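So the chains spell out like this:
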Amino acid sequence: MNNQKIAEILNELRERKSLIHNITNEVVTNFTANGLLSLGAAPVMAHAKEEVEDMTSNAQALILNIGTLDENKVKSMVLAGKAANEKGIPVVFDPVGAGATPYRTKVARNMMDKIAVTVLRGNAAEISHMIGQQWEIRGVEAGETGGNKVDLAKNAAKQFNTTVVITGKEDVVSNGTSTYLVENGHEMLSKITGAGCLLSAVIGAFISTEKDLLTGTVAALATYGIAAERAMTRGGEKGPGSFQIEFLNQLNNINSEIIAKHLLVKEV
Amino acid sequence: MNNQKIAEILNELRERKSLIHNITNEVVTNFTANGLLSLGAAPVMAHAKEEVEDMTSNAQALILNIGTLDENKVKSMVLAGKAANEKGIPVVFDPVGAGATPYRTKVARNMMDKIAVTVLRGNAAEISHMIGQQWEIRGVEAGETGGNKVDLAKNAAKQFNTTVVITGKEDVVSNGTSTYLVENGHEMLSKITGAGCLLSAVIGAFISTEKDLLTGTVAALATYGIAAERAMTRGGEKGPGSFQIEFLNQLNNINSEIIAKHLLVKEV
Amino acid sequence: MNNQKIAEILNELRERKSLIHNITNEVVTNFTANGLLSLGAAPVMAHAKEEVEDMTSNAQALILNIGTLDENKVKSMVLAGKAANEKGIPVVFDPVGAGATPYRTKVARNMMDKIAVTVLRGNAAEISHMIGQQWEIRGVEAGETGGNKVDLAKNAAKQFNTTVVITGKEDVVSNGTSTYLVENGHEMLSKITGAGCLLSAVIGAFISTEKDLLTGTVAALATYGIAAERAMTRGGEKGPGSFQIEFLNQLNNINSEIIAKHLLVKEV
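All of these numbers come straight from a predicted model, not from anything done at the bench.

Criteria and cut-off values
Residues numbered from 1 in each chain as written. Chains lettered and ligands numbered in written order. Predicted model: local features only at pLDDT ≥ 70, side-chain atom pairs only at ≥ 80, totals over all residues. Heavy atoms only, no water. 1 Å grid on protein atoms, 1.4 Å probe; cavity = no way out; pocket = protein on both sides within 12 Å on 5 of 7 lines; lining within 4 Å. Points joined across faces, edges and corners; volume = space filled by probe spheres on them. Helix = DSSP H or I, 4+ residues; strand = E, 2+ residues; numbered from the N terminus. Least-squares fit on C-alpha atoms with pLDDT ≥ 70 in both. UniProt positions renumbered as here; feature names shortened; annotations may be inferred. Buried < 20%, exposed > 50% of the residue type's maximum accessible area, 1.4 Å probe, protein only. Contact = heavy atoms within 4.5 Å. Buried area = accessible area lost by both parts, 1.4 Å probe. Salt bridge = Lys/Arg side-chain N within 4 Å of Asp/Glu carboxyl O. Polar contact = N/O pair within 3.5 Å; in protein donor to acceptor, adjacent residues only side chain to side chain. Nonpolar A, V, L, I, M, F, W, Y, C, P; charged D, E, K, R; others polar. Pairing = 2+ DSSP bridges. Right-handed = clockwise from strand over helix to strand, strands pointing away. Phe/Tyr/Trp six-rings, centres within 6.5 Å; stacked < 30°, edge-to-face > 60°. Axes fitted to C-alpha atoms, helices over the stretch in contact; angles between N-to-C directions. Expected span 1.5 Å × (residues − 1). pLDDT = per-residue confidence, 0-100.

### Quick word on empty space enclosed by the protein
Under the criterion given, the structure shown has five cavities of 30 Å³ or more. Space inside the largest cavity adds up to approximately 330 Å³. Asn30(A), Gln244(A), Asn30(B), Asn30(C) and Gln244(C) are the residues nearest the centre of the largest cavity, which is lined by 27 residues in total. Among the secondary structure elements, those contributing two or more residues to the lining of the largest cavity are helix H2 (29-39) and helix H11 (240-253) of chain A, helix H2 (29-39) and helix H11 (240-253) of chain B together with helix H2 (29-39) and helix H11 (240-253) of chain C.

In structure tokens form, the structure reads like this:
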């Protein structure tokens, strides 16, 4: 994977100003829209069954997020997902809270059956529950490093035949064959709500620009993580409130030179 | 139009602390409420069919915004709009995304049929689609200046028999007979989500105070734009995150002396 | 009531990282989640009828808030509330806008009938409307001090057989027998939307930790108020935007030493 190429995708993303259609949870709508705008993409949110297919068809990526799911939102997500599949528009699925309730786990798995998901992003607990291996995960959640998450990402990628991202202390990206670790980021991200949800939308913006999925996804993770690192040294250390604001600033201010200089990616 | 009068409406608005009933999209609820509070108005959000008429009847203005419309929200908007019409309460309609999908365009036009809208506010693309002239707009969207937007505002005002605001690099206000340009503002507003939506609510707060619609609307646009200009020179230049926060500060800190000094309004 | 004990509950809350299930209004979801995260609790939002009982059963407290109620949300609140009652999980009810429309008042009262509410929190107007005494309140709303609010809290606590919190210039907590005043806080809280809603969630986090309800509730109010006072002297004086951000910082940075030093609580 070419580091210079990774760093330069952001330039193209900003030129295209990709339209990103989000059907997401009601906790993170504002932060997601502001994060995409700061980055240089164009967010749109729409969930009515009467228009989701049309909205998706005009977009360059579709983000599906079940954080505050209900029956109607799920129906709209399936409609939008199928429209995206038909038009070859990439779909990012964020199975927020899979495993937390039986309903969520069922909806998350059904989504993988009904829609061809381009990138599946979650934390280790969510992804493990989606492949029926929740027992493996407790240790990872309690602070274990790398190993298990890499296997989990590979297994999920093979089972769902998609690209899987597992985020945490370090991020893992796997398509089942090739697997990468991205070590950019900062733990303060875990103190602001929607950090994972916005990341899923940012991945959508990057893979709408870069057709090589692993490269596009790694670029999204690195860009996001480096913006977080910079936010911490530019006021974010004052607390989660300031961090959230500085993070939006840095998503706007980051550029390919900064990314190239701070990128921490390796194949595993 | 008397500049001193424009500048002083804010004082009265703050004394009255107008209650502004918003049926708005789920991306901007928080920013809209905080913006109205900062300005000195009192926001309320309610959308249940069981209560929207009662809530509107107690308010001094009603804001309808279709950013994340669905069937139920649209029904509630119509109920609330009719209640407002009956009681003579001003209605601001923000047709977010009109033209983006056939459903949105249809709903936006139906709203104009069913409700007497006091002020219609959108960007040039949205307003043009509402009057079936989308072809005219591409150039404006690509950066052309004034001319077309002025004609568009006049035409829409005549067609809908209402006051129309088209926002962009400069803002146009027209009732079909008289037309004004407001040149306050800053392009950073386009980097934060809901800047237009909050503006629609702010217009509602101003026209609940000043019964001359053109004067009230121009005052809202100028106050909003000047607050944005001041936010940029008080920390907002750091990025869209800081700008959003400083903008809320400045909506709180602005006063009639500042407005009178920086007002950029002309009749065209 | 032991001041040192009040101050130290926060330590235990942070160790436990209580999971707080919120069924709340769409204006404050993001601020509530970020506030709980900053404090050291773990927020979750879920409202689907298919999962609310499961989600509540896994949580350490349930927060019900009718700020943007509708038929489906109310049904889910009742389901979740009953599940919480069955498992002995504390329930905080925030009757936002009770009295503003007949529907809201009715729903708020029904909720008290159907669910055993552990703590009821509102402003004086809301609580008075819930016990059918709206006439008493106008004066308090217009700026009167203490007396009436103390009686109101006691009466509501007796009528509903629960612990009642009335917030305002000073906060009153009563279980009908013992009543406390907490005088920490800052009026800037009234300039940011959701300050009361987040407080209800914070009370839930504290009473999930401290089983003595008066002590836990007083600790929540004092911690919240002191964080607000500190936010004002650390940037919040610039305006409501900055205050909101600094307040999140201070919810994160506050500790038991700071609370013990600044606590203003007295029995009345």
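There's plenty left to go through after this.
### Let's talk about the relation of the copies chain B and chain A
The two copies are related by a screw operation: chain B maps onto chain A through 120° of rotation and 0.0 Å of translation along the axis, at an RMSD of 0.0 Å. When the rotation and shift are considered jointly, the pair of chain copies conforms to a three-fold rotation axis. Residue Glu26(B), judged by its C-alpha, is the member of chain B lying nearest the rotation axis, at 3.9 Å.

### As for the UniProt feature "binding site: substrate" (unreviewed entry) in chain A
In the numbering used here, UniProt assigns the "binding site: substrate" (unreviewed entry) feature to Met45(A) and Gly194(A). As for its placement among the helices and strands, Met45(A) is situated in strand E2 (residues 42-45). The class of Met45(A) is buried, set by a relative accessible area of 8%. Discounting chain neighbours no more than four positions away, the residues touching Met45(A) are Asn22(A), Thr24(A), Thr29(A), Thr32(A), Ala33(A), Val27(B), Gly67(B), Thr68(B) and Arg104(B). Leave out the neighbours within four places in its chain, and Gly194(A) touches Val28(A), Phe31(A) and Tyr224(A).

### Brief notes about the interface of chain A and chain C
Contacts between the two partners involve 25 residues from chain A and, on the opposite side, 25 residues from chain C. Surface buried jointly by chain A and chain C totals about 2000 Å² across both partners, of which 48% is contributed by carbon and sulfur atoms. Contact with chain C buries area across many residues of chain A, yet Glu26(A), Val27(A) and Lys191(A) alone supply 25% of it, more than any other trio. At the boundary of chain A with chain C, the tally comes to four salt bridges. Glu51(C) is the partner of Arg104(A) in a salt bridge, and the nearest nitrogen-oxygen pair spans 2.7 Å.

### Quick look at the relation of the copies chain A and chain C
Between chain A and chain C, which share one sequence, the superposing operator has a rotation angle of 120° and an axial displacement of 0.0 Å; the RMSD is 0.0 Å. A low fraction, 4%, of the interface residues of chain A reappear at the interface in chain C, so the copies pair through non-equivalent surfaces.

### Quick word on the UniProt feature "binding site: ATP" (unreviewed entry) in chain A
Residue and element names in this part refer to chain A. As recorded in UniProt, the sites labelled "binding site: ATP" (unreviewed entry) are Arg121 and Thr167. Spatial clustering of the annotated residues is evident: they stretch over 47 residues in sequence, but the largest pairwise C-alpha distance comes to 7.5 Å. Take Arg121: its relative accessible area is 5%, and that puts it in the buried class. Every residue in contact with Arg121, bar those within four places of it in the chain, is listed here: Phe93, Asp94, Pro95, Ile127, Val165, Thr167, Gly196, Cys197, Leu199, Ser200 and Ile203. Polar side-chain contacts of Arg121 include one of 3.0 Å to the side chain of Asp94. Of note, Thr167 is situated in strand E6 (residues 163-167). If we ignore the near neighbours within four places in the chain, the residues touching Thr167 are Arg121, Gly122, Asn123, Ala124, Lys149, Leu199 and Leu221.

### Focus: the interface of chain B and chain A
By a widespread convention, an interface's size corresponds to the accessible area lost as its parts come together. Taken together, the contact pairs 25 residues of chain B with 25 residues of chain A. Between chain B and chain A, the buried area comes to about 2000 Å², and carbon and sulfur atoms account for 49% of it. Of all residues in chain B, Glu26(B), Val27(B) and Lys191(B) bury the most surface against chain A, accounting for 25% of the area lost on that side. Seen at the junction of chain B and chain A, the total is four salt bridges. Two residues, Lys238(B) and Glu246(A), come together in a salt bridge whose shortest N-O distance is 2.9 Å. Between chain B and chain A we count 14 residue pairs in polar contact (both at pLDDT 80 or more) in total. Counting residues per element, the side of chain B that touches chain A draws most heavily on H11(B), at five residues. Grouping the constituent residues of the side of chain B that touches chain A by class yields ten nonpolar, nine polar and six charged.

### Some words on the pairing of strand E4 (residues 91-94) of chain C
Residue and element names in this part refer to chain C. Neither face of E4 is open: one carries Val91 and Phe93, the other Val92 and Asp94, and all of them are buried. Pairing of strand E3 (residues 61-65) with E4, which is carried by four bridges, proceeds in the parallel orientation. Note that in E4 the partner of Asn65 across the bridge is Asp94. In this structure, E4 lies alongside strand E5 (residues 119-123), joined through two bridges in parallel fashion. Across the sheet, Phe93 pairs through a bridge with Leu120, a residue of E5. Handedness of the E4-helix H5 (residues 102-114)-E5 crossover: right-handed.

### Digging into the packing of aromatic side chains
Working definition: an aromatic ring pair is given by the centre-to-centre distance plus the angle between the planes. Inspection of the entire model under this criterion finds six aromatic pairs over all chains. When the centroid spacing of 4.9 Å and the interplanar angle of 85° are considered together, the rings of Tyr224(B) and Phe247(B) count as edge-to-face. Pair noted here: Tyr224(B) is in helix H10 (residues 213-232) and Phe247(B) is in helix H11, with a separation of 23 residues, a long-range link. Judged by relative accessible area, which is 0%, Phe247(B) ranks as buried. Taken together through their ring pairs, the aromatic side chains of Tyr224(A), Phe243(A) and Phe247(A) make up a single cluster.

### Topic: the sheet that holds strand E6 (residues 163-167) of chain C
All names here are of chain C. Taken in spatial order, the nine strands line up as E2-E1-E3-E4-E5-E6-E7-E8-E9 in an open sheet, and their pairing is mixed. Edge strands, defined here as strands with exactly one partner in the open sheet, are strand E2 (42-45) and strand E9 (265-267). Between one strand axis and the next, the sheet turns through 20° on average, direction left out of account. Relative to E6, E5 runs parallel, the two being bridged by five bridges. Of the residues in E6, the one forming a bridge with Asn123 is Thr167.

### Structural notes on helix H10 (residues 213-232) of chain C
Taking 1.5 Å as the rise per residue, H10(C) with 20 residues should run 28 Å; its terminal C-alpha atoms sit 29 Å apart, in good agreement. Among the 20 residues in H10(C), 18 count as buried, and that is most of the element.

### Quick look at the environment of Asp212(C)
Structurally, the position occupied by Asp212(C) is in the loop between helix H9 (195-207) and H10. Among the polar contacts listed, one links the side chain of Asp212(C) to the side chain of Thr215(C), at a separation of 2.5 Å.

### Brief notes about the confidence of the model for chain A
Residues and elements named next belong to chain A. Across chain A, the average pLDDT comes to 94, with 95% of residues at 70 or higher. Confidence drops under a pLDDT of 50 for residues 135-146, and excluding neighbours within four residues, the segment shows twelve contacts in the predicted structure. With pTM at 0.96, the complex prediction returns an ipTM value of 0.96.

### A word on the pattern of salt bridges
For the structure shown, the criterion picks out 30 salt bridges over all chains. For Glu71(A), the salt bridge identified is with Lys49(C), shortest N-O distance 3.3 Å. Within this pair, whereas Glu71(A) is found in helix H4 (residues 71-87), its partner Lys49(C) is found in the loop between E2 and helix H3 (52-58), the two belonging to separate chains. Each of Lys49(A), Glu50(A) and Glu71(B) takes part in one network of salt bridges that share partners.

### What to know about the sheet that holds strand E4 (residues 91-94) of chain B
Residue and element names in this part refer to chain B. In space, the nine strands of this open sheet follow the order E2-E1-E3-E4-E5-E6-E7-E8-E9, with mixed pairing throughout. Because the sheet does not close on itself, it has two edges, and the strands there are strand E2 (42-45) and strand E9 (265-267). Averaged over all pairs of adjacent strands, the angle between strand axes in this sheet comes to 20°, irrespective of strand direction. Taken together, the four bridges between strand E1 (residues 19-23) and E2 define a ladder with parallel strand orientation. Of the residues in E2, the one forming a bridge with His21 is Val44. Strand contacts of H2: E1 and E2, with the helix running at about 155° to E2, the strand carrying the most contacts.

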